[in-house]
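Below, each chain spelled out in residue letters.
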Amino acid sequence: MYALVDGNNFYVSCERVFRPSLNGRPVIVLSNNDGCAIARSNEAKALGIKMGAPWFKIRHMEQEAGLVALSANFTLYGDMSDRMMSLAAGLGPSQEIYSIDESFIGLQGVRGDLVSRAFKVRARIHQWTGIPTCIGIAPTKTLAKLANHIAKTAERKPGSYPQMLAQVCNLATLPAQDLDDVLQATAVSEVWGVGPRIAKQLQDGGIRTVLDLTRMDTATIRRGWSVTLEKTVRELQGQSCIELDDAPGPKQQIACTRSFGKPMHELGPLVEAVSEFAGRAAEKLRKQNCLASELLVFMHTSPYRPGAQCSRSVVVPLRRPTDDTLALAQAAADGMRYMYVPGFRFIKAGVILVELQPASVQQWELDLEPLAHEDAATATTPRDRSRLMTAMDAINCRYGKGTVHSAATGKQGPKREWGMKQERRTPQYTTRLEDVPVVRA
DNA sequence: TCTGGGGTCCTAGGACCC
DNA sequence: TCTGGGGTCCTAGGACCC
């Protein structure tokens, strides 16, 4: 048995905790660069604002409907997420943190009434963090996701599922006929694992509701689609195929990519940008104790703008697997210089570290050449460099991101040419001393 | 006229998730 | 003027092996 605990409109809810005046109003949180809506309050959804809607297209609602748009404050959301997750963990013996706002809880061995237990955990999360949640309970993860969707919909649109409570939904104890009715009332596109593409194909084949999909023959699904969708159908039928992953392994790739605040056409700032991205990625790499053997750099023009497009990428093999910021920044800069072509307005670039391996596994090699040139140039040994990285991470952790950084990344702060647009950022209420709210008596 | 069988590995692309 | 970022998994097809 599984539960899925999910924060409602999570980013918006995080903002509302510290600005209660936003309650009851249509609020959205914008993606990086204030590009598009990535979280919407119920009131914003009611205005018809779609997930991913470009800000410039809905901006008029600011005046017309009192819409409030905020720049994403991921530092805040990450911290609020940690608090929410630690409380959600109280629901059962195991937990998989599936995304910033969702976790699956394994309920094996939990006694008593699961629904009342879920309501208690939900109330505690709300009281202690201010975040409203919904909880779905079912025999498989896919059904738990569905149950969560039903709990949310029942809350947001009262009467949509007359059989069900709002906020907490347990599909496991539902009488068979009621379960069929609920599955019949839910579109197949709501199923976890069915994206827009497959939803269209299913609908074209007359499979419109979750009940239709649940009743499909698994062999037919496998032949017509894939083993992935077959698992989804089996999960809907109550056969657990997707295990709880409560100890995810290290990531297989680490990316840092950004759209620019304005298009870039010169090489200089592009080199600075990817050097910076490489450094950020290297930090994440060290956090999971891995080395990268290859680095991929890419850049492209805006697909939304008319005219000639340019999209380039290059894989830079590394002489030795490394987690060194300076070596990775150098590789990223080399890659950028190699692939750069003048005459285009580049809107986005990024660095992806691939072929990762544990730092504990060391490939020995014959001593056929002196130290790599980057080491020789700075007259440091690999061990010095490793200590330097540890020191950098410690300083940046204590005094804030970017306190020390590679000089290749150019000047820091909002003045940088390629920096992103964030005109509506809220304070870092929980992670910056100066930003902590003050209560006055 | 007629050209095997069985396997692995890699890559690109497509689909999905939040 | 203005359209996010970071992941995972699967599959098909090609290269290559004996």
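Every value quoted in this text rests on a predicted model; they were computed, and no experiment measured them.

Rules used in this analysis
- Residues numbered from 1 in each chain as written.
- Chains lettered and ligands numbered in written order.
- Predicted model: local features only at pLDDT ≥ 70, side-chain atom pairs only at ≥ 80, totals over all residues.
- Heavy atoms only, no water.
- Buried < 20%, exposed > 50% of the residue type's maximum accessible area, 1.4 Å probe, protein only.
- Helix = DSSP H or I, 4+ residues; strand = E, 2+ residues; numbered from the N terminus.
- Pairing = 2+ DSSP bridges.
- Expected span 1.5 Å × (residues − 1).
- Arc of directions from axis to C-beta.
- Axes fitted to C-alpha atoms, helices over the stretch in contact; angles between N-to-C directions.
- Contact = heavy atoms within 4.5 Å.
- Near = heavy atom within 4 Å.
- Polar contact = N/O pair within 3.5 Å; in protein donor to acceptor, adjacent residues only side chain to side chain.
- Left-handed = near helix turned anticlockwise from the far one by under 90°.
- Nonpolar A, V, L, I, M, F, W, Y, C, P; charged D, E, K, R; others polar.

Q: Would you explain the pairing of strand 10 (residues 290–301) in this entry?
A: Each regular strand displays side chains that alternate between the two surfaces of the sheet. Of all twelve residues in strand 10, nine are buried, a share of seventy percent or more. Of the strand pairs in this sheet, strand 10 and strand 11 (residues 311–322) are connected by eight bridges, and their pairing is antiparallel. Along strand 11, the bridge assignment pairs Val 297 with Val 314.

Q: Whenever I open this one, helix 16 (residues 382–399) confuses me. Can you help?
A: An α-helical turn contains 3.6 residues, so any two residues separated by three or four positions project in the same direction. Along its 18 residues, helix 16 runs 26 Å from first to last C-alpha, staying within 8% of the 26 Å computed at 1.5 Å per residue. Taken as a whole, helix 16 has its buried residues at Arg 385, Met 389, Met 392 and Asn 396. The arc that holds every buried residue of helix 16, seen down its axis, measures 60 degrees, which confines them to one face. Facing away from the buried side of helix 16 by over 90 degrees, the exposed positions are Arg 383, Arg 387, Thr 390, Cys 397 and Arg 398. At the exit of helix 16 stands Gly 400, carrying a positive phi of roughly 110 degrees.

Q: Got a minute to help me understand the sheet that holds strand 10 in this structure?
A: Hydrogen bonds between backbone atoms are what pair the strands of a sheet, whose relative direction is either parallel or antiparallel. Here four strands make up an open sheet; going across it, the order is 9-12-10-11 and the pairing antiparallel. Single-partner strands in this sheet number two, and they are strand 9 (254–264) and strand 11. The average angle at which neighbouring strand axes cross in this sheet is 15 degrees, direction not considered. In this structure, strand 10 lies alongside strand 12 (residues 346–358), joined through eleven bridges in antiparallel fashion. Bridge assignment links Met 299 to a residue of strand 12, and that residue is Ala 349. In this fold helix 13 (residues 267–287) packs onto strand 9, strand 10, strand 11 and strand 12, with an angle of close to 155 degrees to the strand it touches most, strand 9. Taken strand by strand, helix 14 (residues 325–339) contacts strand 10, strand 11 and strand 12, and its axis lies near 150 degrees from that of strand 11.

Q: Looking at this model, I keep getting lost on the protein's contact with DNA strand B. Mind explaining?
A: Around DNA strand B lies a shell of 13 residues, among which Glu 102, Lys 145, Gly 193, Arg 197 and Ile 198 are the nearest. At the protein interface, 100% of the atoms of DNA strand B within 4 Å belong to sugar or phosphate. Here Lys 145 contributes a side-chain N or O atom positioned 2.7 Å from a phosphate oxygen of DNA strand B. Within the side chain of Arg 197, a nitrogen or oxygen atom sits 2.8 Å from a phosphate oxygen of DNA strand B. Sorting the residues of the surface near DNA strand B by element identifies strand 5 (94–99) and helix 9 (196–204) as the ones contributing at least two each. Of the residues forming the surface near DNA strand B, the biggest block, three residues, is contributed by helix 9.

Q: What is the right way to read the packing of helix 13 against helix 14 from this model?
A: The description of two helices packed together rests on the angle between their axes and the distance between the axes. Remark: helix 13 packs on helix 14, axes separated minimally by 8 Å, with the N-to-C direction vectors making an angle of 145 degrees. Classified by chirality, the crossing of helix 14 by helix 13 is right-handed. Of the residues in helix 14, those touching helix 13 at Leu 267, Leu 270, Val 271, Val 274, Ser 275, Ala 278, Gly 279, Ala 282, Leu 285 and Arg 286 are Thr 325, Leu 328, Ala 329, Ala 332, Ala 333, Met 336 and Arg 337. Among the residues making up the contact of helix 13 with helix 14, the classes are represented as twelve nonpolar, three polar and two charged.

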